[in-house]
Amino acid sequence: MTTLAKINKQSVHNFFAALEAENPEAIAALFAEKSEHINPYHSGVFPTGAINREGVYAYWAPTFGNFDGIKFEIHELYAMEGDDKIFVRYSGKIKLKNNAGWYNNDYYSTFKFNESGKIIEYVEIFNPVVAAKGFGLLEQLVAANQA
């Protein structure tokens, strides 16, 4: 494994550590000024993502107020061709506030890095049906996706 791959893999671990610490500043600091967070399966109910470092911060900052703890378990983490891209398969367990229960989902994500080691693209793939059930948004998901 190259040094670049090791550095980028560590940045991915740092990303999940910042999520678990509920630290939007630390998350945003991992992103390049010109970057993108993409949620391709937002399904018309969840945020589509964010543009630029400030947008990443704005995306995550209000999110953590809904949680009483977050834990991510990484199952697979691979450097892809060129070592500037990382693939990760993981699961998340989030305790919702006000005794609202737990939200659990499985994820696949890709991270792309610039030459300075900053994230320029983060794609988060999750099951929107599981997410909608977990956050009490199933009716909205159905309504948003009726043809």
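Residues numbered from 1 in each chain as written. Predicted model: local features only at pLDDT ≥ 70, side-chain atom pairs only at ≥ 80, totals over all residues. Heavy atoms only, no water.

Draft legend 1. How the structure looks around a nonpolar patch on the surface. On the surface, a cluster of nonpolar side chains totalling about 280 Å² of accessible area is made up of Tyr41, Tyr108 and Ile125. Structurally, the position occupied by Tyr41 is in the loop between β1 (31-38) and β2 (49-51). Residue classification places Tyr41 among the partly exposed positions, given a relative accessible area of 43%. (Patch = residues over 30% accessible without salt bridge, like charges linked within 9 Å, V, L, I, M, F, W, Y side chains within 5 Å. Areas by Shrake-Rupley, 256 points an atom, 1.4 Å probe, with all protein chains shown as cover. Salt bridge = Lys/Arg side-chain N within 4 Å of Asp/Glu carboxyl O. Helix = DSSP H or I, 4+ residues; strand = E, 2+ residues; numbered from the N terminus. Buried < 20%, exposed > 50% of the residue type's maximum accessible area, 1.4 Å probe, protein only.)

Draft legend 2. Highlighting helix α1 (residues 3-20). Between its first and last C-alpha atoms α1 spans 26 Å; for 18 residues at 1.5 Å apiece the expected length is 26 Å, and the two agree. Within the span of α1, buried status applies to Ala5, Asn8, Lys9, Ser11, Val12, Phe15, Phe16, Ala18 and Leu19. One or two residues past the end of α1 sits Glu22, with phi positive at roughly 55°. (Expected span 1.5 Å × (residues − 1).)

Draft legend 3. Looking closely at the confidence of the model for the chain. Put simply, the chain has an average pLDDT of 90, and 98% of its residues get 70 or more. Mean pLDDT values for the elements of the chain range from 73 in helix α5 (residues 138-144) up to 98 in helix α2 (residues 24-29). (pLDDT = per-residue confidence, 0-100.)

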